[in-house]
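Observations on chain architecture
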Amino acid sequence: MNNIRISVQEEEFDQNAVYQWLSEQYSVGAVVIFVGKVRDLNLGDDISSLYLEHYPAMTEKALQEIVSEAKQRWDIQRIAVIHRVGVLHTGDEIVLVGVASAHRGEAYRANEFIMDYLKSKAPFWKKEQTNRGERWIEVRDSDKTAVEKW
């Protein structure tokens, strides 16, 4: 599948390289890229770091299913999903979802769909280091609600 790139990695990613790959086809009229970052505040507490773990085979399968669903729903030329794992610090980039399509509406909707499903359906476990100690993060009700609209 040379029109889909999925990566779960510890290393930082290069947004420009992803953009170049997404946009290199002449039929692409729109590229939408979402980048999520580690916030410094959550649930009223200061955050110094975030630890993400996963089971590689399970995560890869779930990400592939999410991307395949998006490709079935919208006319998409290319999709890139990069999700980082390991220890991340405040301000670090944690996730990138990029979608290339002939038209912006398709790209926007597919990108939002993928991100909504990543937040609630992808098997990543997150532990925050806060000013009060460590805690595991549960999926938020707002993330569950976001998936229901699709």
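Whatever comes next refers back to the structure up there.
Overview of the structure.

Rules used throughout
- Residues numbered from 1 in each chain as written.
- Predicted model: local features only at pLDDT ≥ 70, side-chain atom pairs only at ≥ 80, totals over all residues.
- Heavy atoms only, no water.
- Core = buried A, V, L, I, M, F, W, Y, C linked by side-chain atoms within 4.5 Å.
- Buried < 20%, exposed > 50% of the residue type's maximum accessible area, 1.4 Å probe, protein only.
- Phe/Tyr/Trp six-rings, centres within 6.5 Å; stacked < 30°, edge-to-face > 60°.
- Helix = DSSP H or I, 4+ residues; strand = E, 2+ residues; numbered from the N terminus.
- Arc of directions from axis to C-beta.
- Contact = heavy atoms within 4.5 Å.
- Pairing = 2+ DSSP bridges.

**Regarding the nonpolar core**
Core analysis: the biggest nonpolar cluster contains 31 residues, and Ile114 and Leu118 have the highest contact counts within it. Grouped together as the second largest cluster of nonpolar side chains are nine residues, Phe13, Val18, Leu22 and Leu96 included.

**Digging into the packing of aromatic side chains**
Under the criterion given, the structure shown has five aromatic pairs. An aromatic cluster is built from Trp74, Phe113, Tyr117 and Trp150, whose rings are joined through pairwise contacts.

**Some remarks on helix α4 (residues 141-148)**
Along an α-helix, residues three or four positions apart point the same way, because every turn accommodates 3.6 residues. For α4, the full list of buried residues reads Asp143, Ala146 and Val147. Projected onto a plane normal to the axis of α4, the buried residues spread over an arc of 100° and lie on a single side. Across from the buried face of α4, at angles greater than 90 degrees, the exposed residues are Asp141 and Glu148. Tucked into the core, α4 has its buried residues touching α3 (104-121).

**Quick word on the pairing of strand β9 (residues 133-137)**
Sheet topology places strand β8 (residues 124-130) next to β9; five bridges connect them, and they run antiparallel. Its bridge partner being in β9, lysine 127 is matched across the sheet by tryptophan 136. In sequence, β8 turns back onto β9 through a hairpin of two residues.

**Considering the environment of glutamine 20**
Tracing the backbone through its elements, the reader meets glutamine 20 in helix α1 (residues 15-23). Considered as a pair, glutamine 20 and valine 31 are 11 residues apart in the sequence and their alpha carbons are 9.8 Å apart.

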